[in-house]
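# Descriptive structure summary
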Amino acid sequence: MMHTDDPATEDASTWQRQVRGAWTVAKKNALLYYLKPPVLIFGVLFPVFFFLAFKMGRAVSGQAIVPGMVAMALWFTASAVGPLVTPWERRARTYERLLCSPVSLKAILAGDVVSGLVFGVCLSVVPILLGLALTDAAIQQAGWLMAGLSLGALSFATLGVLVASPPTTSPSHIMMLSNLVRLPLIFVSGVFVPIEQMPFWARCISPLSPLSYAGALIQRGFGQTGYYPPWLCVVMLLLFTCVMFWGASRFHARWRAKGL
């Protein structure tokens, strides 16, 4: 009697192998790169000093400033891992080893996204604790706060993987591209100035930034009324994640096909 393999079993085994591969990549990034000085500078110190420079001399209550500080810290930390990890690995020639492994390119990129997500969510706890301890801010809706942190970190980490697709071994080149994208979006996302108080042209650009939707969810978590309804924020953050991951997969595959 001839034995035939079950296609469903094979598909499940392949899927499990890819999930394990993505998780292994995420753990590798955490162990090797989380405490690298450039990651800490671009992901932690840069947003803190940037926000304090904007806050100095302005009569803004802690209740109003803490959600923006949390959103901007999440924005920079979650999107800092991908643009630095990929060029470092290309320089060390470990990126080619990953591509030659039995793990798919999408699984490798998913591992990079997961590492950025975990890094962003964990470090965003710091400004939350500081805000609760040093200001009159208080968490009113923990569910929306967690949704903003998790979905925002997922979207921002995917953005970091997307901008890391150019074939370069220099992290400075990728960070330059990353900041060309991240810095302008800060000013149209309601972090410093509420979206409803922005000029008309800025309100038109605001929907194009995932930070706008994550910031609105975080604001609701602290008892404020976000500019966008929460259901729209959830849908748009998931949509941004899917579109950017698709773009990252296409760009990385294109450069891989060209041998770069």
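Residues numbered from 1 in each chain as written. Predicted model: local features only at pLDDT ≥ 70, side-chain atom pairs only at ≥ 80, totals over all residues. Heavy atoms only, no water.

At a closest axis distance of 7 Å, the pairing of helix H7 (residues 142-163) and helix H10 (residues 210-221) adopts a crossing angle of 160°. In this view, H7 runs roughly antiparallel relative to H10, as classed from their interaxial angle. Our pair here, H7 against H10, has a crossing hand that is left-handed. Here Trp-144, Leu-145, Ala-147, Gly-148, Leu-149, Gly-152, Ser-155 and Phe-156 of H7 come into contact with H10, specifically with Pro-210, Leu-211, Ala-214, Leu-217, Ile-218, Arg-220 and Gly-221. Tallied by class, the residues present in the contact of H7 with H10 amount to 10 nonpolar, four polar and one charged. (Axes fitted to C-alpha atoms, helices over the stretch in contact; angles between N-to-C directions. Helix = DSSP H or I, 4+ residues; strand = E, 2+ residues; numbered from the N terminus. Parallel < 35°, antiparallel > 145°, perpendicular 65-115°, else oblique. Left-handed = near helix turned anticlockwise from the far one by under 90°. Contact = heavy atoms within 4.5 Å. Nonpolar A, V, L, I, M, F, W, Y, C, P; charged D, E, K, R; others polar.)

The next thing to look at is the environment of Pro-87. Locating Pro-87 in the fold gives a position in helix H4 (residues 81-92). The sequence separation of Pro-87 and Ser-172 amounts to 85 residues, and the corresponding C-alpha distance is 9.0 Å.

With 12 residues, H10 should reach 16 Å at 1.5 Å per residue; the first-to-last C-alpha distance of 17 Å fits that figure. Counting buried positions along H10 yields 12 of 12 residues, so the element is predominantly enclosed. The backbone nitrogen of Leu-211 lies 3.2 Å from a side-chain oxygen of the residue at the head of H10, namely Ser-209. Remark: Gly-223 follows H10 within two positions and exhibits a positive phi of approximately 85°. (Expected span 1.5 Å × (residues − 1). Buried < 20%, exposed > 50% of the residue type's maximum accessible area, 1.4 Å probe, protein only. Polar contact = N/O pair within 3.5 Å; in protein donor to acceptor, adjacent residues only side chain to side chain.)

Counting residues in each nonpolar core, the largest one holds 40 residues, and the members touching the most others are Trp-75, Ile-186 and Ile-218. Counting residues per element, this core draws most heavily on helix H3 (residues 62-78), which supplies nine residues. Ignoring sequence-local partners within four residues, the contact set of Ile-186 consists of Met-72, Trp-75, Phe-76, Val-191, Phe-192 and Leu-211. Core analysis: the second largest hydrophobic core is formed by six residues, Leu-105, Leu-109, Ala-157 and Ala-248 among them. (Core = buried A, V, L, I, M, F, W, Y, C linked by side-chain atoms within 4.5 Å.)

A word on the packing of helix H6 (residues 105-134) against H7. In contact at an axis separation of 8 Å, H6 and H7 are set at 135° when each is read in the N-to-C sense. For the element pair H6 / H7, the angle class is oblique. When you trace H6 past H7, the crossing you get is right-handed. Residues Leu-109, Asp-112, Val-113, Gly-116, Leu-117, Val-121, Ser-124 and Ile-128 of H6 pack against Leu-145, Leu-149, Ser-150, Ala-153, Leu-154, Ala-157, Thr-158 and Val-161 of H7. Across the contact of H6 with H7, the residue classes tally to 11 nonpolar, four polar and one charged.

All right, on to the packing of aromatic side chains then. In this description, a pair of aromatic rings is defined by centroid distance and the angle of the planes. Inspection of the entire model under this criterion finds four aromatic pairs. Geometrically, the ring pair formed by Tyr-213 and Tyr-228 is tilted, given 4.8 Å between the ring centres and 40° between the ring planes. Taken together, the residues Tyr-213 in helix H10 and Tyr-228 in the loop between H10 and helix H11 (230-257) connect sequence positions 15 residues apart. Per residue, the accessibility class of Tyr-213 equals that of Tyr-228, and both read buried. Seen in terms of ring centroids, Tyr-213 and Phe-240 are 6.1 Å apart; in terms of plane orientation they differ by 45°. Their pairing is tilted. Of this pair, Tyr-213 sits in helix H10 while Phe-240 sits in helix H11, placing them 27 residues apart in sequence. Relative accessible area serves as the criterion here: at 3%, Tyr-213 is assigned to the buried category. Linked through ring pairs, Tyr-213, Tyr-227, Tyr-228 and Phe-240 together constitute an aromatic cluster. (Phe/Tyr/Trp six-rings, centres within 6.5 Å; stacked < 30°, edge-to-face > 60°.)

With that settled, consider the environment of Val-85. By the element assignment, Val-85 lies in helix H4. Take Val-85: its relative accessible area is 1%, and that puts it in the buried class. Taking the C-alpha atoms as reference points, Val-85 and Asp-112, separated by 27 residues in sequence, lie 8.2 Å from one another.

This brings us to the side chain of Arg-220. Following the sequence through the fold, Arg-220 ends up in helix H10. Of the side chains with opposite charge, Glu-196 lies nearest to the buried Arg-220, which makes no salt bridge, at 10 Å. Here Arg-220 is in contact with Gln-141, Trp-144, Thr-225, Gly-226, Tyr-228, Pro-229 and Pro-230, once residues within four sequence places are set aside. (Lys, Arg positive; Asp, Glu negative; His and termini not counted. Salt bridge = Lys/Arg side-chain N within 4 Å of Asp/Glu carboxyl O.)

All right, on to the environment of Gly-223 then. Within the secondary structure, Gly-223 sits in the loop between H10 and H11. Exposure remark for Gly-223: the relative accessible area of 45% places this residue in the partly exposed category. Taking the C-alpha atoms as reference points, Gly-223 and Gln-140, separated by 83 residues in sequence, lie 4.9 Å from one another.

So, to be careful, I would describe these as geometric facts and stop short of saying anything about function.
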